[in-house]
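# What the coordinates show
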Amino acid sequence: MEHVELFFKSIFIDNMVFATFLGMCSYLAVSKKVSTAVGLGAAVIFVLAVTVPLNWLLDQYILKEGALTWLGPEYAEYDLSFLSFIMFIATIATMVQLVEIIVEKFSPSLYNSLGIFLPLIAVNCAILGGSLFMQSREIATLGLALNYGIGSGIGWFLAIVAIAAIREKIRYSSVPPALRGLGITFIVTGLMAIGFMSFGGMLTGGDDAKKEEKKEVVISEPVKEEVKELQKEEDTKEIAENTKEIE
Amino acid sequence: MGLLSKKDAKLITDPFADNNPITIQVLGICSALAITAELKASLVMSISVLFVLGVGNVVISLMRNIIPSKIRIIVQLIVVATLVIIVDLVLKAFAYELSKTLGAFIGLIITNCIIMGRFEAFALGNGPWRSFLDGIGNALGYGVILIIVGFFRELLGAGTLFGIPVLGDPIEKTGLYAYGYENNGFMLLAPMALIVVGIIIWVQRSRNKALIEEH
């Protein structure tokens, strides 16, 4: 259950593009045609599935506070987490290079379709972001880390294929000249992100039930107005907090 | 501008408008959108990028003749990562709360395309002084957009600027709220960042027709 939940959460609710804006640069640059978008999306899934578990191991056994205990009890106090940026990015850069070499050797056809995108991906923020969020969300096991990597990869894939399809169609509509290209892409992405926010309720059914209970406490008419106002306040606060969490 | 020749001054002023890294070069979008719900976070992010890009450009430019071109990406990543670690540790030491809010996004400066983009496009082919100016100019252009977006999102979304209420008190109904004004909580949510940037691009391109794309 935990796995299913994390999987869907990383695809829809914490979608890399729409909720955290990761990998926007390549998302905007390579989304003019569906076919190239599919290629890049597939490459992102692949690389995320490799690097997130790998960086999880790195974090768990080398970087975290007390992670070096396996070397001996005297290493228990070491905290190398300040090195995580440099270690993660080095892992990603080398892995991408390695994957490129292996794919080229064993599957030339796959290399032809993914090949040109692989070097691009080393500096895609979605990849490093995947590892950094994996670290900050304290994902517990290697299996979950793999799950998270694949899930967020699929989320990114969905997003780029969807925007590419929209951009192919939008070419035939009369967009105001100043909005053409980049501007309209931003606004469409914004609208898609609003759509994806509706998935947010998927896993919070329990919270809504609690809220309703709260509302029933209202007692008399004159107090009602005040309570409503207060609730509004609470709601805006909650929204603000939620956005902070998301970001 | 007595210090700078005309050509050098252009390096700083160009990225503000006609060659803005975010709205024209489409670089560094991720962080621009993710952390702009508050003006304070936008400002800190801009300063961090200013530091990393300014110093990084100089370092890369000084090393440009000894970096083998095949491994230049890795060298660049290491330089940026080191600078970003410095920024991260400084923030943790002096602005812990803020560094919590920014969270992973400080780390993501490493893969901010604006940095790699300027290294590749400018620092590898120019001397340290000009690279420094280019770095500062682009970071400022980036910061301007961040601050504009942060300004509107915080003002309309929470009625505050830098956390200080400017439109009156929404609970006690003072200031604008006395006339029935309400905060638009939607502005604080992620999608509005995209739409605000979209509108900035729209305004900019309507003013300068030369920037309009064919399709």
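In short, a report on the structure. (Residues numbered from 1 in each chain as written. Chains lettered and ligands numbered in written order. Predicted model: local features only at pLDDT ≥ 70, side-chain atom pairs only at ≥ 80, totals over all residues. Heavy atoms only, no water.)

The helix and strand inventory of chain A stands at eleven helices and zero strands. Element order for chain A, N to C, with α for helix and β for strand: α-α-α-α-α-α-α-α-α-α-α. Taken over 247 residues, chain A has a buried fraction of 44%. Pairs at least 24 apart in sequence give 76% of the contacts found in chain A among residues at least 6 apart. For chain A, the accessible area works out to roughly 12600 Å², and carbon and sulfur atoms hold 64% of it. (Helix = DSSP H or I, 4+ residues; strand = E, 2+ residues; numbered from the N terminus. Buried < 20%, exposed > 50% of the residue type's maximum accessible area, 1.4 Å probe, protein only. Contact = heavy atoms within 4.5 Å. Areas by Shrake-Rupley, 256 points an atom, 1.4 Å probe, with all protein chains shown as cover.)

Take the pattern of salt bridges next. Under the definition given, this model contains four salt bridges over all chains. A salt bridge links arginine 137 of chain A to aspartate 14 of chain A; the nearest nitrogen and oxygen atoms lie 3.6 Å apart. Of the two residues, arginine 137 of chain A sits in the loop between helix H7 (125–136) and helix H8 (142–170) while aspartate 14 of chain A sits in the loop between helix H1 (2–13) and helix H2 (24–29), which places them 123 residues apart along the sequence. Residue arginine 137 of chain A is classed as partly exposed on the basis of its relative accessible area, which comes to 31%. For aspartate 14 of chain A, a relative accessible area of 15% gives the class buried. A salt bridge links aspartate 134 of chain B to arginine 118 of chain B, with the shortest nitrogen-to-oxygen separation between them at 3.1 Å. Of this pair, aspartate 134 of chain B sits in helix H8 (residues 128–158) while arginine 118 of chain B sits in helix H7 (residues 113–121), placing them 16 residues apart in sequence. Residues aspartate 134 of chain B and arginine 118 of chain B agree in their burial class; the two are buried. (Salt bridge = Lys/Arg side-chain N within 4 Å of Asp/Glu carboxyl O.)

Moving on, we come to the environment of valine 96 of chain A. Residue placement: valine 96 of chain A occurs in helix H4 (residues 84–106). Along the backbone, valine 96 of chain A and phenylalanine 46 of chain A are 50 residues apart, and their C-alpha atoms lie at a distance of 9.9 Å.

Let us look at helix H4 (residues 72–94) of chain B. Helix length check: H4 of chain B (23 residues) gives 33 Å between terminal C-alpha atoms against 33 Å at 1.5 Å per residue, within 8%. Buried within H4 of chain B we find Val75, Gln76, Leu77, Val79, Val80, Ala81, Leu83, Val84, Ile85, Val87, Asp88 and Leu91 of chain B. Among the structural elements, H4 of chain A together with helix H3 (39–63), helix H5 (96–102), helix H6 (104–107) and H7 of chain B are those in contact with the buried residues of H4 of chain B. (Expected span 1.5 Å × (residues − 1).)

Attention now goes to the packing of H4 of chain A against H7 of chain A. Residue and element names in this part refer to chain A. Across the interface, H4 lies against H7 with an axial gap of 10 Å and an inter-helix angle of 135°. Comparing their axes, H7 and H4 come out oblique. As for how H4 packs across H7, the hand of that crossing is right-handed. In contact with Ser84, Phe85, Phe88, Ile89 and Ile92 of H4, H7 contributes Ile127, Leu128, Ser131, Leu132 and Gln135. For the contact of H4 with H7, a count of residues per class yields seven nonpolar, three polar and no charged. (Axes fitted to C-alpha atoms, helices over the stretch in contact; angles between N-to-C directions. Parallel < 35°, antiparallel > 145°, perpendicular 65-115°, else oblique. Left-handed = near helix turned anticlockwise from the far one by under 90°. Nonpolar A, V, L, I, M, F, W, Y, C, P; charged D, E, K, R; others polar.)

Looking now at the interface of chain B and chain A. Contact residues are listed per partner, giving 51 residues for chain B and 48 residues for chain A. Here chain B packs against chain A, burying approximately 4400 Å² in sum over the two surfaces, 81% of which is carbon and sulfur. Across the chain B-chain A interface, the total number found is zero salt bridges. One can count zero residue pairs in polar contact (both at pLDDT 80 or more) joining chain B with chain A. Put simply, the parts of the chain that give the side of chain B that touches chain A at least two residues each are helix H2 (29–34), H4, H6, H7 and helix H9 (190–207) of chain B. At eleven residues, the largest contribution of residues to the side of chain B that touches chain A is made by H9 of chain B. Tallied by class, residues from the side of chain B that touches chain A come to 35 nonpolar, nine polar and seven charged. (Buried area = accessible area lost by both parts, 1.4 Å probe. Polar contact = N/O pair within 3.5 Å; in protein donor to acceptor, adjacent residues only side chain to side chain.)

Residues and elements named next belong to chain A. On the surface, a nonpolar cluster with roughly 820 Å² of combined accessible area is contributed by Leu54, Leu57, Tyr61, Ile62, Trp70, Leu71, Tyr75, Tyr78 and Leu142. Considering each element in turn, the nonpolar patch owes the most residues, four residues, to helix H3 (residues 34–63). Tracing the chain through its elements places leucine 71 in the loop between H3 and H4. Look at leucine 71 and you get partly exposed, because its relative accessible area is 44%. (Patch = residues over 30% accessible without salt bridge, like charges linked within 9 Å, V, L, I, M, F, W, Y side chains within 5 Å.)

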